[in-house]
Amino acid sequence: MSNSGFPSVLTSLLLGCFALPAAAEPSAARQQELIHLVRQDCGSCHGMTLQGGLGPALLPATLADKPVEGLVATIIGGRPGTPMPPWHRFLAEDEAQWIVAKLMAGFPQ
Amino acid sequence: MRRGLQTLLLGLVALLLAACAGAPLRGTGDLGLVIERASGHVTLVNTSSREAYARIGGLGDLSHASVVYSRDARYAFIFGRDGGLSKIDLLEARIVKRIIQSGNAIGGSISQDGRIVVAQNYTPGGIKAFDADTLELLSEVPAEYAPGRFSKVVGLADVPGNKFAYALFDGGEIWVSDFSDPRKPVTQRYPAGQQPYDGLVTPNGRHYLAGLFGEDGIALLDLWQPELGARKILEKYGRGEEKLPVFKMPHLRGWSVAAGRAWLPAIGRHEVLVADAATWQETGRVAVKGQPVFVMASPDGRQIWVNFAFPDNGWVQVIDTLSGKVVQTLQPGKAVLHMEFTPRGEVVWISARDDNRVLIYDTKSFRQLGSLAAEAPSGIFFSSRAARIGF
């Protein structure tokens, strides 16, 4: 039974998985805090269901064509001239990356 | 003996009558509701017994929901974020009618004569007028401030003459629409300033104020002399200093006027701004714990209660309007979102979203008198709003 192809496929799959979120995932407890923050506090302007309000919608369809780095930069640094504030006091960059990845995939409840 | 029989018969008749009448008659003056934002429910409450008496679900996305009351204070009109407009009967504790009127709404108001309910919308930007009895659409005013460009609408307030004043966040204008003919509103436009974020009308219905996000100042329109146009007050209150990041927009309503002065949240500052309500000159500032969200006067105007934006949203402070000083600092719970006074202000109800509780405080002793369970409570709305101009 030859499965010589398997390890390399597996390796590349695994590499792929780890390559997407560049940094380590936040702990499970921190993820819950981040989900709460996004739903409740980002939700003040973007809507609790993230369908938009004073701020734009943050749904997978609305974010699909936006570059990830730009979205992360907006969360961390805010967007001058708009009400979007910088969140760097409350979020590390890898946490902002995790939030963006989750927003683009469909944010957890 | 005969007398005894008579009494017995009378008693029986009274019992029968009571049975036929069903539920006893009652007014709605001490009723209200609490929005449970996360689950699309409202809890109906009684402010005399300080208890919940019913809970209603199926109301859609209630984040940023707000409520106005019918003129008879029996029906609550709930404006949901998802454009839902629901009419609730406080006495029968049920949904009378529910429609989806837009894609994304921010609140509403009811006309002076109580016949028209108006919703303010982000998407599509504009206002829509509905018959208060049937929720039939009567007319709409798209907020098209330039050809093909529509603005989000904020700060909708009813003003005398069956008119509504509101502000255009993207358009930088105050609009006043006259619904004397509910199917043919007539709108006047007034340049206001950069990015109005909310508005209020003074309790007498004379002045409309729009808070500005894009610049330091507040736009003021005298509705008794609208031909003079909007002017700026409290201009440059930041004095060129860099403002702090704003993690939540403040909310304005007619409760901001007390003791002859207007008490207004400063944007990006840990301050309440104070202006003389006759001359509109700044008369002072009050340093507070964080960035104010609600700055609410008690019904007698003696106290101002202030809650704050994230991350200071566990605090509530009370300003005495006579001394202009903070006289009390409270920590009612996690994520305080809203406060509501009973009609004459002896107690205030405070929602603490992340504690899933509504706290009830005595406004004189500042003691907590009780609390109610509610799921992620946000807005608290008592029926006494029915009789107020600007709501």
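Residues numbered from 1 in each chain as written. Chains lettered and ligands numbered in written order. Predicted model: local features only at pLDDT ≥ 70, side-chain atom pairs only at ≥ 80, totals over all residues.

Asker: Now, about the overall build of chain B: what can you tell me, with residues and values included?
Answerer: Counting secondary structure elements, chain B contains one helix and 34 strands. Taking 2.2 N^0.38 as the reference for a compact globule, 391 residues should give roughly 21 Å; the C-alpha atoms of chain B span a radius of gyration of 22 Å, in line with that estimate. Along the first, second and third principal axes, the C-alpha atoms of chain B reach 90 × 50 × 35 Å. Across the 391 residues of chain B, 53% fall into the buried class. Residue pairs at least 24 apart in sequence account for 44% of intrachain contacts in chain B once pairs closer than 6 positions are excluded. (Helix = DSSP H or I, 4+ residues; strand = E, 2+ residues; numbered from the N terminus. Rg over C-alpha atoms; globule rule 2.2 N^0.38 Å. Buried ≥ 20, exposed ≤ 12 C-beta atoms within 10 Å, placed from the backbone. Contact = placed C-beta atoms within 7 Å.)

Asker: Which residues make up the nonpolar core, and what values do they have?
Answerer: Formed by 120 residues in total, the largest nonpolar core has its most connected members in B:Ile174 and B:Val272. Apart from the residues within four sequence positions on either side, B:Val272 is in contact with B:Trp263, B:Leu264, B:Pro265, B:Ala266, B:Arg285, B:Val286, B:Val288, B:Pro292, B:Val295, B:Ile304, B:Val306 and B:Ile319. In this structure, A:Val72, A:Ile75, A:Trp87 and A:Ala96 belong to the second largest nonpolar core, which totals 13 residues. (Core = buried A, V, L, I, M, F, W, Y, C linked by C-beta atoms within 7 Å.)

Asker: Pulling in residues and values, what's your account of the pairing of strand β8 (residues 104-110) of chain B?
Answerer: Residue and element names in this part refer to chain B. The buried fraction of β8 is high, at seven of seven residues. Judged from the six bridges that link them, β8 and strand β9 (residues 116-123) form a sheet pairing that is antiparallel. Directly across from Gly 108, in β9, lies its bridge partner Ala 119. Counting the residues in the hairpin turn of β8 and β9 gives five residues, including Gly 114, whose phi is positive at 75 degrees. (Pairing = 2+ DSSP bridges.)

Asker: Go over unusual backbone geometry with me, naming the residues and quoting the values.
Answerer: Residues and elements named next belong to chain B. Here the bond from Thr 123 into Pro 124 is cis, since omega is -10 degrees, no more than 30 degrees from zero. Within the secondary structure layout, Pro 124 lies in the loop between β9 and β10 (126-131). Cis geometry is found at the peptide bond from Phe 310 to Pro 311, where omega equals 5 degrees. Within the secondary structure, Pro 311 sits in the loop between β27 (303-308) and β28 (316-320). For Lys 236, which is not glycine, the phi torsion reads 55 degrees and is therefore positive.

Asker: Just give me the short version of the sheet that holds strand β16 (residues 173-178) of chain B, but keep the residues and values in it.
Answerer: All names here are of chain B. In space, the four strands of this open sheet follow the order β14-β15-β16-β17, with antiparallel pairing throughout. Where the open sheet ends on each side, the last strands, each with one partner, are β14 (153-159) and β17 (186-191). If you compare each strand with its neighbour and ignore which way they point, the axes differ by 20 degrees on average. Of the pairings in the sheet, the one linking strand β15 (residues 163-168) to β16 comprises six bridges and is antiparallel in character. Within β16, the residue paired with Ala 167 across the bridge is Ile 174. (Axes fitted to C-alpha atoms, helices over the stretch in contact; angles between N-to-C directions.)

Asker: Provide a residue-level description of the confidence of the model for chain A, including the pertinent values.
Answerer: When pLDDT is averaged across chain A, the result is 85; 79% of the residues are at 70 or more. The low-confidence segment residues 1-21 of chain A (pLDDT under 50) makes three contacts with residues lying over four places distant or belonging to another chain. (pLDDT = per-residue confidence, 0-100.)

Asker: Lay out the pairing of strand β7 (residues 94-100) of chain B with the relevant residues and their values.
Answerer: Side chains on a regular strand alternate between the two faces of the sheet. Residue and element names in this part refer to chain B. Relative to β7, strand β6 (residues 84-89) is paired through six bridges, and the arrangement is antiparallel. Across the sheet, Gly 84 pairs through a bridge with Ile 100, a residue of β7. Here β6 folds back onto β7 in antiparallel fashion, the turn holding four residues, of which Ala 93 has a positive phi close to 50 degrees.

Asker: An account of the interface of chain B and chain A is requested, with residue identities and associated values reported.
Answerer: Contact with chain B, which involves 18 residues of that partner, is made by 15 residues of chain A. By residue class, the composition of the side of chain B that touches chain A is nine nonpolar, three polar and six charged. (Nonpolar A, V, L, I, M, F, W, Y, C, P; charged D, E, K, R; others polar.)

Asker: Tell me what's going on with the environment of B:Val42, and back it up with residues and numbers.
Answerer: All names here are of chain B. Tracing the sequence through the fold places Val 42 in strand β2 (residues 41-46). Judged by local crowding, Val 42 falls into the buried class, with 30 C-beta atoms found within 10 Å. Sequence separation of Val 42 and Pro 182 is 140 residues, and the distance between their C-alpha atoms is 30 Å. Beyond its immediate chain neighbours, meaning those up to four positions away, Val 42 contacts Leu 33, Val 34, Ile 35, Glu 36, Ile 56, Leu 59, Ile 78 and Ile 88.

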